[in-house]
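# Structure at a glance
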Amino acid sequence: MPDALMLSNISKSFIDKTVLDELNLAVPYGSVFAFLGNNGEGKSTTIRILTGLASPDNGEVVICGEPLFSRHRRLLRRTHGVSVNCAALSLIGGLIDAPSLYPNLTAAEFLSIGCRIKGLSRSEIARVLSVVSLQSSADRVVATFSLGMKQRLAIAHALLGNPKLLILDEPTNGLDPSGIRDIRKLLAELPATTGTTVFFSTHNLDEVEKMATRFAVLKAGSIQFESDITQWKASQQQCQVIEVAKPQQALACLTGQGFNARLLDNGLVEIDTITREQQAAIHRLLIKHDVEIYQSYHKKQSLEQWFTDEHTH
Ligand SMILES: Nc1ncnc2c1ncn2[C@@H]1O[C@H](COP(=O)(O)OP(=O)(O)OP(=O)(O)O)[C@@H](O)[C@H]1O
């Protein structure tokens, strides 16, 4: 099975600035793929290219085996001059920038316009509303929706026709915590509920850890790092943090036994650990040396900390 999305050697420059420089990326079927990068690294430019809103200077975009920019198939010539292969475009649902919804229409009326444009049966309306959990709001006027509901309606609109690949630019931007939770749950479940692969850009690294299955970091025009989330988590340094009555004595005991331990500014002792057996050994050792333990917890490096350390310089 081909990847849901493949970018090969994509380059894009604006006047004298090269934004994308031979970018290569493969998004496997069934993944929820997070596309990370600092401001101005070219995430939106990439998303505009892979939704056919802009063309690359060089390189190829392939959606589920269909080239997006092809001279040899039936072409849709857009007003801004980008020629796109309709067969590839029909496999994508996209949500870029803030959703443009008609405030005076009901949710169902708004979606019916999308159905008409795409030549779909009206039964699609109930299906997509159910996917985004808005069935009970089908006849409500959009102007009365919360921001989170509007975003879910915009995603429902992008899901009309059951695209193979949903592409979203910062889908939780501007939402409150409950709106973020709803979108996160919705997107994380989409591959299982509708068979749609999800590709989204974001600045919210907590969100990536909670809902993505894979992520890539864009820097200086190409992918600097890419990994499955589970593999990344397994590879991260883990440590035990303890609060004790005598931190200096605890530190001496632990380093004397070969543990890699350090005293933090706040008086806590942090010890690099890998196994549960090492965690148990730490507690046994301190108790044996009469060091009282007030609290002890296991800590893994967050994606946010890792990103700040590795990719913000
Ligand atoms: N149409 C354009 N003309 C000239 N420069 C552009 C154009 N579009 C984007 N750029 C430049 O390309 C660079 C990448 O912009 P882009 O919006 O893709 O970054 P981004 O990673 O999405 O940033 P952010 O996270 O802030 O949205 C920026 O320096 C931007 O100024």
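You'll find the protein chain entered in an unreviewed UniProt entry as ABC transporter domain-containing protein, with Alteromonas lipolytica given as the organism. The record held by UniProt for the protein chain lists under Sequence similarities (unreviewed entry) the comment "Belongs to the ABC transporter superfamily."

This part takes up the overall build of the protein chain. When its secondary structure is counted, the protein chain shows 11 helices and 16 strands. Projecting the C-alpha coordinates of the protein chain onto the three principal axes gives extents of approximately 75 × 50 × 35 Å. In the protein chain, which comprises 313 residues, the share counted as buried stands at 48%. Considering only residue pairs separated by 6 or more positions, the protein chain has 66% of its internal contacts joining residues 24 or more positions apart. By element, 49% of the accessible surface of the protein chain is carried by carbon and sulfur atoms, the whole surface being about 15,600 Å². In the protein chain, which carries 31 positive and 32 negative side-chain charges, the distance between the mean positions of the two groups comes to 7 Å.

Applying the stated rule across the entire model yields five aromatic pairs. Geometrically, the ring pair formed by Phe215 and Phe225 is tilted, given 5.8 Å between the ring centres and 35 degrees between the ring planes. Residue Phe215 is located in strand E11 (residues 214–219), and its partner Phe225 is located in strand E12 (residues 222–228); the two are separated by 10 residues in the primary sequence. Ring plane angle 85 degrees and centroid distance 6.3 Å describe the contact between Phe215 and Trp232, whose orientation is recorded as edge-to-face. Highlighted residues: Phe215 in strand E11 and Trp232 in helix H8 (residues 229–235), separated in sequence by 17 residues. Grouping residues by exposure puts Phe215 and Trp232 together as buried. Ring-pair connections join several aromatic residues into one group, and the members of that group are Phe33, Phe35 and Phe199.

An order of E2-E1-E4-E5 is seen for the four strands of this open sheet, with the pairing classed as antiparallel. Only two strands of the sheet have a single partner each, and these edge strands are strand E2 (17–27) and strand E5 (66–67). Alignment of strand E4 (residues 58–63) against E5, held across two bridges, turns out to be antiparallel. From the neighbouring strand, Val62 faces E5, where its bridge partner is Pro67.

So, about helix H6 (residues 177–194). Between its terminal C-alpha atoms H6 stretches 25 Å, which fits the 26 Å expected from 18 residues at 1.5 Å a residue. Within H6, the axis deviates most sharply at Ala188, by approximately 35 degrees, and proline Pro191 lies no more than four positions further along. Where H6 is buried, its residues contact strand E3 (32–36), helix H4 (123–131), helix H5 (147–158), strand E9 (165–169), strand E10 (197–201) and helix H7 (205–211). Just downstream of H6 lies Gly195, where phi reads positive at about 80 degrees.

The backbone phi angle of Asn9 is positive, close to 50 degrees, even though this residue is not glycine. In this structure Asn9 comes out as partly exposed when scored by relative accessible area, which is 37%.

Counting buried residues along strand E13 (residues 238–244), six of its seven residues qualify, which places the element largely inside the surrounding structure. Across five bridges, the pairing between E13 and strand E15 (residues 269–273) is antiparallel. By the bridge assignment for E15, Gln238 is matched with Thr273. Direction of pairing for E13 relative to strand E16 (residues 293–300): antiparallel, over a ladder of seven bridges. In the sheet register, Val241 faces E16, and the bridge partner there is Tyr297.

When cut into domains, the protein chain gives domain 1 (5–233) and domain 2 (237–311). Here domain 1 and domain 2 have C-alpha centroids that lie 42 Å from each other. Across the contact, 13 residues belong to domain 1 and eight residues belong to domain 2. At the junction of domain 1 and domain 2, the tally comes to zero salt bridges. At the junction of domain 1 with domain 2, the criterion picks out one residue pair in polar contact (both at pLDDT 80 or more). Of all elements in the fold, only H7, E11, E12 and H8 reach the threshold of two or more residues within the side of domain 1 that touches domain 2. Looking at the side of domain 1 that touches domain 2 residue by residue, the class counts come to seven nonpolar, three polar and three charged.

Definitions and cut-offs
- Residues numbered from 1 in each chain as written.
- Predicted model: local features only at pLDDT ≥ 70, side-chain atom pairs only at ≥ 80, totals over all residues.
- Heavy atoms only, no water.
- UniProt positions renumbered as here; feature names shortened; annotations may be inferred.
- Helix = DSSP H or I, 4+ residues; strand = E, 2+ residues; numbered from the N terminus.
- Buried < 20%, exposed > 50% of the residue type's maximum accessible area, 1.4 Å probe, protein only.
- Contact = heavy atoms within 4.5 Å.
- Areas by Shrake-Rupley, 256 points an atom, 1.4 Å probe, with all protein chains shown as cover.
- Lys, Arg positive; Asp, Glu negative; His and termini not counted.
- Charge placed at Lys NZ, Arg CZ, Asp CG, Glu CD.
- Phe/Tyr/Trp six-rings, centres within 6.5 Å; stacked < 30°, edge-to-face > 60°.
- Pairing = 2+ DSSP bridges.
- Expected span 1.5 Å × (residues − 1).
- Bend = angle between axes of the 7 residues up to and from the residue.
- Domains from an automatic or database assignment.
- Salt bridge = Lys/Arg side-chain N within 4 Å of Asp/Glu carboxyl O.
- Polar contact = N/O pair within 3.5 Å; in protein donor to acceptor, adjacent residues only side chain to side chain.
- Nonpolar A, V, L, I, M, F, W, Y, C, P; charged D, E, K, R; others polar.

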